[in-house]
Amino acid sequence: MATLSPSDLVDADWSPEDAAVDAAVDDAEPMQTDSEPLTPAPEDVKEIEAAVQSLDLGTKGKVKEVPPVEEPEPEEDNEENKKRHLNVVFIGHVDAGKSTTGGQILFLSGQVDDRTIQKYEKEAKDKSRESWYMAYIMDTNEEERVKGKTVEVGRAHFETENTRFTILDAPGHKSYVPNMISGASQADIGVLVISARKGEFETGYEKGGQTREHVLLAKTLGVSKLVVVINKMDDPTVNWDKSRYDEIESKMAPFLKTSGYNVKKDVHFLPLSGLVGSNIKDRLDKKICSWWDGPCLFEVLDKIEVPLRDPKGPVRMPIIDKYKDMGTIVMGKIESGTIKKGDSLLVMPNKANVKVISIYCDEKEVRQAGPAENVRVKLSGIEEEDVLSGFVLSSISNPVAAVSEFHAQLQILELLDNAIFTAGYNAVLHIHSVVEECEIVELIEEIDTKRRKDDDPKKKKPKRKPLFVKNGAVVVCRVQVNNLICIENFSDFPQLGRFTLRTEGKTVAVGKVVKLPNPGNSIF
Ligand code: GTP
Ligand code: MG
């Protein structure tokens, strides 16, 4: 396992796609794009009625499945299916139009019939929420429909020419950020929905809005590509105005850069109307919008390339949920390796030997599944009670590390009440599907973000352990948790090595795991 000494850390990249962060750090640019602090401030498809199938994800994240109209064809093996599979999470400030756009995608891909839409129109009208009918496709719970707010992550499926997509419709409301984290941690691609309606972009982007927090969380949780959809372009306050679109793009681009996205390579912007369904499946009609020559959403999504994960690597599947169904079923996304029917694997950290009885991809049973697939795996050898979300299904020969402390490189965002960050700081650690109380027990080194890579290392000042750091600092520290958690060095498995720290419902830092105790040990 690669280990890094603190002095290596200045030059340690987050990942190739994080080059922008490094560039920003090297240039000693503050993580700020304008007068606003970068830091998020979280205070702030038969009949669809059969669609509600809530899956309890415990305290951490809730997902509700939105099944397609047609029963899926039974399929023995998905190797026949040459289409790649990607998870796309819809993120963005509350009311930006994530569920509406998700619902429209299902409608445009033929998964919701006109009768159902009419029924939703009536139901929405009865609830005095006329314009919310498209969102009802994704928002299947009564509470969500009454309040017009997504609570649980909605999960649905659609296909473009070359790709099968699983949509994860995250809630935008600040109270449900943990559910958003759960959704984003399963995704490769994010669709960041931004409302262009007068005043709404501003509210979502400012301090207190969720736009920035969602972007930072998405990046940290491994969402490598972003499609930024500038939505509600049909709204009377916008009316497909190019200057409004340009204004939003020009404000978002620098922020996305400082959040670690390479805007040229990893980000696509496009104008859209989720409600009307413009620029989603088909390109924009010139009569509606004369200035847009670019692709529609389906085209962009279909062509997006995501970093490959290794199908031959060791098995790593963080478990997001489990249930009993004539055996123990675990759910999650395969981050590395291939799981085959009949395989013997380990459930970590409790080192339980298990056997794979069957594998389900979407609703289909398959013989094997590889990286980036969302699967349900039926296991023998373990009781459902002995599995917790955050556990990792892992190969026996090369199991995931199970530790109670680790070294992390943290980027401090915004501490509550501008508090200082010292040893003894307590927070909630969110790393893949793990949610665990943690304590910062030692600050090891503050990274000088002003030092350039080409500086003479000999001129470096000798390192002293800092007693405290403030907002904006990058610091290497030792982090402890009470229970064993399964994590990896970021450099080995980025998806299992990056995390967020939250206190009182607010993201205070993002980080990556840079050093683990020696193999077999849980502490240093
Ligand atoms: P949360 O789940 O609560 O975070 O909200 P959301 O982002 O899912 O927003 P939702 O889809 O529920 O839409 C919120 C409101 O915006 C509803 O009234 C929608 O009709 C309206 N809306 C969404 N997309 C569009 C659009 O393209 N044009 C217009 N004019 N209104 C839209
Ligand atoms: Mg919603």
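Residues numbered from 1 in each chain as written. Chains lettered and ligands numbered in written order. Predicted model: local features only at pLDDT ≥ 70, side-chain atom pairs only at ≥ 80, totals over all residues. Heavy atoms only, no water.

- Under an unreviewed UniProt entry, the name given to the protein is GTP binding Elongation factor Tu family protein, and the organism recorded is Rhynchospora pubera.
- Listed under Function (unreviewed entry) in UniProt, the entry text for the protein is "This protein promotes the GTP-dependent binding of aminoacyl-tRNA to the A-site of ribosomes during protein biosynthesis."
- Quoted verbatim from the Sequence similarities (unreviewed entry) field of the UniProt record, the comment on the protein reads "Belongs to the TRAFAC class translation factor GTPase superfamily. Classic translation factor GTPase family. EF-Tu/EF-1A subfamily." (UniProt positions renumbered as here; feature names shortened; annotations may be inferred.)

### Regarding the pairing of strand S24 (residues 498-503)
- The buried count for S24 comes to six of six residues, which makes it a mostly enclosed element.
- The alternating pattern of S24 places Arg498, Thr500 and Arg502 on one face and Phe499, Leu501 and Thr503 on the opposite face, and all of these are buried.
- Bridge count for strand S20 (residues 426-431) against S24 is four bridges, and the pairing is antiparallel. Residue Val428 lies in a different strand from S24, and its bridge partner there is Arg502.
- Joining the antiparallel neighbours S24 and strand S25 (residues 506-515) is a turn of two residues, in which Glu504 adopts a positive phi near 45°. (Buried < 20%, exposed > 50% of the residue type's maximum accessible area, 1.4 Å probe, protein only. Helix = DSSP H or I, 4+ residues; strand = E, 2+ residues; numbered from the N terminus. Pairing = 2+ DSSP bridges.)

### Description of unusual backbone geometry
- Cis geometry marks the peptide bond from Met348 to Pro349; its omega dihedral reads 10°.
- Considering the arrangement of structural elements, one finds Pro349 in the loop between strand S12 (344-348) and strand S13 (352-361).
- The backbone of Met326 sits at a positive phi, close to 50°, despite the residue not being glycine.
- Mapped onto the elements, Met326 comes out in the loop between strand S9 (316-324) and strand S10 (328-333).
- For Met326, a relative accessible area of 78% corresponds to the exposed category.

### A short note on the pairing of S12
- The element S12 is extensively covered by neighbouring structure, given that four of its five residues are classed as buried.
- Of the pairings in the sheet, the one linking S12 to S13 comprises four bridges and is antiparallel in character. Counted as the bridge partner of Ser344 is Lys355 from S13.
- What sits between the antiparallel neighbours S12 and S13 is a turn of three residues, in which Lys351 has the positive phi angle 50°.
- Here S12 pairs with strand S17 (residues 392-394) via three bridges, running antiparallel. Directly across from Met348, in S17, lies its bridge partner Val392.

### A closer look at the coordination of the magnesium ion (ligand 2)
- Coordination of the magnesium ion (ligand 2) by the protein comes from Ser99 (OG) and Thr150 (OG1), over a distance range of 1.9 to 2.0 Å. With Ser99 in helix H2 (residues 98-108) and Thr150 in the loop between helix H4 (142-147) and strand S4 (153-159), the pair connects residues that are 51 residues apart, well separated along the chain.
- The class of Ser99 is buried, set by a relative accessible area of 6%. (Donors = N, O, S within 2.8 Å, 3.2 Å for Na, K, Ca; no water.)

### Brief notes about H2
- The element H2 is largely enclosed, with a buried count of nine among its 11 residues.
- If you follow the buried residues of H2, they end up packed against strand S3 (84-91), S4, strand S5 (163-169), strand S6 (189-195), strand S7 (225-231) and helix H10 (297-303). (Contact = heavy atoms within 4.5 Å.)

### Describing the nonpolar core
- In this structure, Leu106, Ile189, Val227, Met252, Leu256, Leu297 and Leu301 are the most contacted members of the largest nonpolar core, which totals 73 residues.
- Counting 30 residues, the second largest nonpolar core, distinct from the first, contains Phe406, Leu410, Cys477 and Val513. (Core = buried A, V, L, I, M, F, W, Y, C linked by side-chain atoms within 4.5 Å.)

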